[in-house]
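Here's the letter readout for the chains.
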Amino acid sequence: METININKEVKKPRQKVLDPIKLEEQEVYMDKVRVLNEKWTKKKRRKPTVGLGTFGCQMNYLNTK
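The following refers to the structure shown. (Residues numbered from 1 in each chain as written. Predicted model: local features only at pLDDT ≥ 70, side-chain atom pairs only at ≥ 80, totals over all residues. Heavy atoms only, no water.)

Re the overall build of the chain
- A tally of helices and strands in the chain yields 2 helices and 0 strands.
- Counting only carbon and sulfur atoms, one obtains 57% of the accessible surface of the chain, whose full area is about 7,800 Å². (Helix = DSSP H or I, 4+ residues; strand = E, 2+ residues; numbered from the N terminus. Areas by Shrake-Rupley, 256 points an atom, 1.4 Å probe, with all protein chains shown as cover.)

This is the structure:
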């Protein structure tokens, strides 16, 4: 029986190195969203929720041609 080295078969995704300035900018936006969520939570007396709808594998059909 042949042994397969899975480490050679599977390609690892490249890690992106973020620019520190862009990372700080994203943290500012995250803080703003956090404050908005806290205000909304106090006003509505409940945490915000999100609805998500998926359509299954049919979404991938066009990409396979």
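Side note on unusual backbone geometry
- Phi at R45 takes a positive value of approximately 60°, unusual for a residue other than glycine.
- With respect to the element layout, R45 can be found in the segment after α2 (20–44).
- In this structure R45 comes out as exposed when scored by relative accessible area, which is 78%. (Buried < 20%, exposed > 50% of the residue type's maximum accessible area, 1.4 Å probe, protein only.)

A few points about α2
- Its 25 residues give α2 an end-to-end C-alpha distance of 36 Å, which sits within 8% of 36 Å, the value for a rise of 1.5 Å per residue.
- R45 occupies a position one or two residues after α2 and carries a positive phi of about 60°. (Expected span 1.5 Å × (residues − 1).)

Concerning the pattern of salt bridges
- By the definition in use, this model includes 1 salt bridge.
- Across the salt bridge formed by R34 and D31, the nearest N and O atoms sit 2.6 Å from each other. With a gap of 3 residues between them, R34 and D31 both fall in helix α2, about one helical turn apart. (Salt bridge = Lys/Arg side-chain N within 4 Å of Asp/Glu carboxyl O.)

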